[in-house]
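Here is how the chains run, residue by residue.
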Amino acid sequence: MRAHPTAIVSPKAKIHPSVEIGPFSIIHGNVEIGEGTSVGSNCELGVATRLGDGSALRIGQGSTIRSHSVFYESSSFGDGLVTGHRVTVRELTQAGRGFQIGTLSDIQGHCTVGDFVRLHSNVHIGQKSVVEDYVWIFPYVVLTNDPHPPSEVLLGARIKSFAVIATMTTVLPGVTVGEGALVGACSAVTKDVADHRIAVGNPAVDRGDANRVRLKDGTDRAAYPWKSHFHRGYPEAVVAEWMASLPKS
Amino acid sequence: MRAHPTAIVSPKAKIHPSVEIGPFSIIHGNVEIGEGTSVGSNCELGVATRLGDGSALRIGQGSTIRSHSVFYESSSFGDGLVTGHRVTVRELTQAGRGFQIGTLSDIQGHCTVGDFVRLHSNVHIGQKSVVEDYVWIFPYVVLTNDPHPPSEVLLGARIKSFAVIATMTTVLPGVTVGEGALVGACSAVTKDVADHRIAVGNPAVDRGDANRVRLKDGTDRAAYPWKSHFHRGYPEAVVAEWMASLPKS
Amino acid sequence: MRAHPTAIVSPKAKIHPSVEIGPFSIIHGNVEIGEGTSVGSNCELGVATRLGDGSALRIGQGSTIRSHSVFYESSSFGDGLVTGHRVTVRELTQAGRGFQIGTLSDIQGHCTVGDFVRLHSNVHIGQKSVVEDYVWIFPYVVLTNDPHPPSEVLLGARIKSFAVIATMTTVLPGVTVGEGALVGACSAVTKDVADHRIAVGNPAVDRGDANRVRLKDGTDRAAYPWKSHFHRGYPEAVVAEWMASLPKS
């Protein structure tokens, strides 16, 4: 392990020898970190909590955790996790591989995240949320869970594969956003959005099929499904699978 | 005092011997911390400012301040303060007991907060705000104060006892939200909300009595006033007083 | 240089001897800091990135960078930069003098900022944004850039001189907000706003000339252009120029 001399690393933590740990960071004992991962400065990983299940914080191989981030114990992340700065992730978050979490994002725990999910800056994921594979969530989006706050009822939102939620949108408790659906900016999503539809507004209303949006790159191709044209950062095998799934045009 | 060896604690600070202070935290001189309080890592307490009144930052007994939080001098908090991570609290904030401040919340100071007020993550409290007892404020809510920014006029919002403000709502300058009122998610509250009413929308409009919302817990009871059914985390004596105040049904 | 003993300062950084650097802060090598600047605790300045142009992070004279802030290399700030806490600024941000960045604000880089621009707390500036001189942007405002996310098309917003964008507003990709215009709180700005007009709503619509808003300070003067009455914190020469530019009344 290549820890900065100022870092405080518990001898109980299971850390691959190749892992780098930055200055003023703290790694508690109930933590496992995979090969080739880099942890920035001023982070705290494996914060203890009575609200977990006793399991370790597990960070997969080849991950990058940027400075000032805080992760609790009892959460698990596949290989290739990438975070911005000042990320907070509470206990009982189960995430797949290739998860990207933007600066200031706040994951409240007790939630499930698929593969290659991308949260931009300042996204808030409430407890009991389910976010499926390849979802994109943009800045200042909140997934809520309490239909009549404060209460003991938690109805998490479900965001299905390839869905996109644009900036400053709130998803109300128990709502499902369909596969490949697009929710426009500044929306309040009060009821389910069907697969491959656009919803926008406060409250959000259906505005047609997502494939009617055209790319402003000079080609006038359909902008959705976005997997037809946006491939940056995904493994080749994933993209090949996506392309094979598209209808022949 | 049980300060981590890396913590920097001014000998002028008045800190009860039982207080714990985490790694890489800084406690300035004009600070008083009560018995049994715990301060996490990477915090800075008692930041000096010319904008205060010279008084100390006072943190009551049995409080928990989580990592990366920043508090200025000249503010006061009753017993049982609990914060999330990365909280910022400026000078001249006067808060009662049992105050909870969620991760990333930003209190601009020059404001008054009652007893057992709960701010969820990423709440912004503008200067001159008044937040009364037992109020709940949910993520990404902003209390504003300048009716025609930028200007020297500050008209704080007033949130009365037991009121609830749901996610992503902005309260415009000088607005009062009534006792026990419910402001729905994604609202812009441009005028006063009467006691025990629901307001929602941009701009927010009256949508009837709060007690018409039913609990989705299978009981179909009224969800408001929430003090009738939600008691987690409040002292028994407080709850007993609430229950005695409810009309017999 | 007056660096706290716990600060980690690269000998390659070019730092004026008068600069103060707080505890637990990190200054990387590709950094230049001007005379009289103060850097708070727990900051990280000059973070390396492949996405820059190799140039240094340059911080002008007389600047104040508050705690827990993170700046990347390849950005430049004129004299008199002032930040709140936990600010994040990525590479290729070019800003003029007197820039103020509020607590939690997140500047994504690849953007241009004029002189005396003021961002309040928790403002998000997307890549390719252009913010001209004397602009005010209030809490939870987001400048976006992707017209059909995710894509490789970036259309930054342009905010012209003296414009004001109120709390919780989103500016959609490619939109221009005119000189001296006022965008009301909680708006979604989907099309250009003309100079000196008010726009408000979701979507924002024109509501007349900005000068019809009256100051609530007892004088009933026009609140806009704000340069006619709000001068706090600007150099005398700047204010004199503003006053000379106003029509005689």
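Small disclaimer: the values here were computed from a predicted structure and weren't measured.

## A closer look at the interface of chain C and chain A
For interface size, the figure often reported is the accessible area lost on association.
Part 1 of the reasoning: In this assembly, 37 residues from chain C lie in contact with 36 residues from chain A.
Part 2 of the reasoning: Buried surface at the junction of chain C and chain A, both sides included, amounts to about 2700 Å², of which 63% is carbon and sulfur.
Part 3 of the reasoning: The largest contributions to the chain C side of the interface with chain A come from His-148, Pro-149 and Pro-150 of chain C, which together make up 23% of the buried area.
Part 4 of the reasoning: For the pair chain C and chain A, the number of links is one salt bridge.
Part 5 of the reasoning: Between Glu-152 of chain C and Arg-232 of chain A there is a salt bridge whose closest N-O contact spans 2.9 Å.
Part 6 of the reasoning: Summed over the shared surface of chain C and chain A, the result is 16 residue pairs in polar contact (both at pLDDT 80 or more).
Part 7 of the reasoning: Residues that form the side of chain C that touches chain A fall into these classes: 18 nonpolar, 15 polar and four charged.

## Notes on helix H1 (residues 236-245) of chain C
Residue and element names in this part refer to chain C.
Part 1 of the reasoning: Within H1 the residues assigned to the buried category are Val-238, Val-239 and Trp-242. All buried residues of H1 fall inside an arc of 95° around its axis, so they share one side. The exposed set on the far side of H1, more than 90 degrees from its buried face, consists of Glu-236, Ala-237, Glu-241 and Ala-244.

## Details of unusual backbone geometry
Part 1 of the reasoning: Residue Pro-150 of chain A follows Pro-149 of chain A across a cis peptide bond; omega there is -10°.
Part 2 of the reasoning: The residue after Tyr-224 of chain A, namely Pro-225 of chain A, is reached through a cis peptide bond having omega 0°.
Part 3 of the reasoning: When you line up the elements, Pro-225 of chain A lands in the loop between strand S31 (204-209) and helix H1 (236-245).
Part 4 of the reasoning: The phi dihedral of His-68 of chain B falls on the positive side, at around 65°, and the residue is not glycine.
Part 5 of the reasoning: Examined against the element boundaries, His-68 of chain B turns out to sit in the loop between strand S10 (64-65) and strand S11 (70-72).
Part 6 of the reasoning: Judged by relative accessible area, His-68 of chain B falls into the buried class, the value being 1%.

## Points about the sheet that holds strand S8 (residues 44-47) of chain C
Part 1 of the reasoning: What the ten strands build is an open sheet, ordered S2-S5-S8-S11-S14-S17-S20-S23-S26-S29 (chain C); its pairing is parallel. Only two strands of the sheet have a single neighbouring strand rather than two, namely strand S2 (8-9) and strand S29 (188-189) of chain C.

## Notes on the relation of the copies chain C and chain A
Part 1 of the reasoning: Superposition record for chain C on chain A: RMSD 0.0 Å, screw rotation 120°, translation along axis 0.0 Å. What the rotation and shift describe, once combined, is the action of a three-fold rotation axis.

## What to know about the pairing of strand S30 (residues 197-201) of chain A
Residues and elements named next belong to chain A.
Part 1 of the reasoning: With two bridges connecting them, strand S28 (residues 182-183) and S30 associate as parallel partners. The partner of Leu-182 across the bridge, within S30, is Ile-198.
Part 2 of the reasoning: Sheet topology places S30 next to S31; four bridges connect them, and they run antiparallel. Note that in S31 the partner of Val-200 across the bridge is Val-205.
Part 3 of the reasoning: Hairpin connection between S30 and S31: a loop of two residues separates the two successive antiparallel strands.

About the thresholds
Residues numbered from 1 in each chain as written. Chains lettered and ligands numbered in written order. Predicted model: local features only at pLDDT ≥ 70, side-chain atom pairs only at ≥ 80, totals over all residues. Heavy atoms only, no water. Contact = heavy atoms within 4.5 Å. Buried area = accessible area lost by both parts, 1.4 Å probe. Salt bridge = Lys/Arg side-chain N within 4 Å of Asp/Glu carboxyl O. Polar contact = N/O pair within 3.5 Å; in protein donor to acceptor, adjacent residues only side chain to side chain. Nonpolar A, V, L, I, M, F, W, Y, C, P; charged D, E, K, R; others polar. Buried < 20%, exposed > 50% of the residue type's maximum accessible area, 1.4 Å probe, protein only. Helix = DSSP H or I, 4+ residues; strand = E, 2+ residues; numbered from the N terminus. Arc of directions from axis to C-beta. Pairing = 2+ DSSP bridges. Least-squares fit on C-alpha atoms with pLDDT ≥ 70 in both.

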